[in-house]
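Here is what each chain is made of, one letter per residue.
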Amino acid sequence: SPLRSIASGFTYAAKDSVVGGTLLVGFCAMMLTGWNVLLPAYASQVLHAGPAATGLLYSAPAVGALPGSPTSGWTGTARRGGLIVFLAAMIASAGLIGVGAVPMIAVTFLGLAAHGFGRVLGDILRYAVIQTETPEEYRGRVAGVWGAQISTGSAAGALVAGAVGAAVGPREAFLLYGAGGIVVLAVLAVALKGLRTYSS
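Residues numbered from 1 in each chain as written. Predicted model: local features only at pLDDT ≥ 70, side-chain atom pairs only at ≥ 80, totals over all residues. Heavy atoms only, no water.

Draft legend 1. A look at the pattern of salt bridges. With the rule as written, the count across this model stands at two salt bridges. Aspartate 123 is the salt-bridge partner of arginine 119, the closest N and O atoms lying 3.7 Å from each other. With arginine 119 and aspartate 123 both in helix 6 (residues 105-133) and four residues apart, this pair spans about one turn of that helix. Taking relative accessible area as the criterion, arginine 119 reaches 35% and is therefore assigned partly exposed. Looking at aspartate 123, the relative accessible area reads 22%, which means it is partly exposed. A salt bridge links aspartate 123 to arginine 126, with the shortest nitrogen-to-oxygen separation between them at 2.5 Å. (Salt bridge = Lys/Arg side-chain N within 4 Å of Asp/Glu carboxyl O. Helix = DSSP H or I, 4+ residues; strand = E, 2+ residues; numbered from the N terminus. Buried < 20%, exposed > 50% of the residue type's maximum accessible area, 1.4 Å probe, protein only.)

Draft legend 2. Representation of the packing of aromatic side chains in the model. Counted according to the given criterion, the structure contains four aromatic pairs. Here the aromatic rings of tyrosine 12 and tyrosine 138 are separated by 4.6 Å at their centres, their planes lie at 15°, and the arrangement is stacked. Residue tyrosine 12 is found in helix 1 (residues 2-15), and its partner tyrosine 138 is found in helix 7 (residues 136-168); the two are separated by 126 residues along the sequence. According to the relative accessible area criterion, tyrosine 138 is partly exposed, its value standing at 26%. (Phe/Tyr/Trp six-rings, centres within 6.5 Å; stacked < 30°, edge-to-face > 60°.)

Draft legend 3. Up close: the nonpolar core. Grouped together as the largest cluster of nonpolar side chains are 18 residues, with contacts concentrated most on Trp35, Leu39, Tyr42, Leu96, Leu112 and Phe174. If you list the elements that add at least two residues to this core, you get helix 3 (39-46), helix 4 (51-68), helix 5 (81-101) and helix 8 (170-191). The contacts of tyrosine 42, once residues within four sequence positions are left out, are Leu47, Val99, Gly100, Val102, Pro103, Thr108, Pro170, Arg171 and Phe174. (Core = buried A, V, L, I, M, F, W, Y, C linked by side-chain atoms within 4.5 Å. Contact = heavy atoms within 4.5 Å.)

Draft legend 4. Expanded view of the environment of glutamate 137. For glutamate 137, the location among the structural elements is in helix 7. Exposure remark for glutamate 137: the relative accessible area of 56% places this residue in the exposed category.

Draft legend 5. Structural detail: the packing of helix 2 (residues 17-31) against helix 8. Relative to each other, helix 2 and helix 8 sit at 175°, their axes nearing to 10 Å. With respect to helix 8, the axis of helix 2 lies roughly antiparallel. Along the contact surface, helix 2 presents Leu24, Val25, Cys28 and Met31, while helix 8 presents Tyr177, Val184, Leu185 and Leu188. Here the contact of helix 2 with helix 8 is composed, by residue class, of eight nonpolar, no polar and no charged. (Axes fitted to C-alpha atoms, helices over the stretch in contact; angles between N-to-C directions. Parallel < 35°, antiparallel > 145°, perpendicular 65-115°, else oblique. Nonpolar A, V, L, I, M, F, W, Y, C, P; charged D, E, K, R; others polar.)

Draft legend 6. Seen up close, the side chain of threonine 54. Its location among the elements puts threonine 54 in helix 4. Residues within four places of threonine 54 in sequence aside, it is in contact with Leu39, Ala43 and Ala49.

Draft legend 7. Region of interest: unusual backbone geometry. Phi at histidine 48 is positive, roughly 55°, even though this residue is not glycine. Mapping histidine 48 onto the fold places it in the loop between helix 3 and helix 4. The exposed category is assigned to histidine 48, whose relative accessible area is 66%.

Draft legend 8. The environment of phenylalanine 117, seen in detail. Examined against the element boundaries, phenylalanine 117 turns out to sit in helix 6. The exposure class of phenylalanine 117 is partly exposed, given its relative accessible area of 28%. Remark: the alpha-carbon pair of phenylalanine 117 and glycine 34, spanning 83 residues in sequence, is separated by 16 Å. If near-sequence neighbours (up to four positions away) are discounted, phenylalanine 117 is found in contact with Gly64, Ala65, Pro67 and Gly68.

Below, the structure is given as structure tokens:
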């Protein structure tokens, strides 16, 4: 059954430090996408921006992803791919910190662009690790887990970002959200030695 297949994929990932670690970092990376629920309040209350500027800011991650995706060929030969997985996610987190640290439209755009750059590199690297390290008989099952961590991570991230924004305000939420991401990723980098030292 599909549920049993996904369950066996989770079981395999839990036993494999590289594949399991990659999926866990991917879940954290997806949680970082929850910032989009903060942007309308941040744009209106902090930046005093109108709908046109808000729409421009929503496009910033895609602009940042543009140079990251076409130039990602080097990731196929990266010797410290596991470490770069963590660094890419940290770049995405740092971009969110920049948004909250300097409340200016230009800086917000650059911060969100940096977030998009780090995210697309992380997505490419993590997918490459999953495809390379997962045995063929588990590849479809792990792909199901991959899809599950994307959807649940994004939803959980939006829930966390919304709760933090309601508690402290949109600007502080960007700061806490980004800083929290870096702290969690740093802890995972120490704990997940198998992924951190992975080399393709």
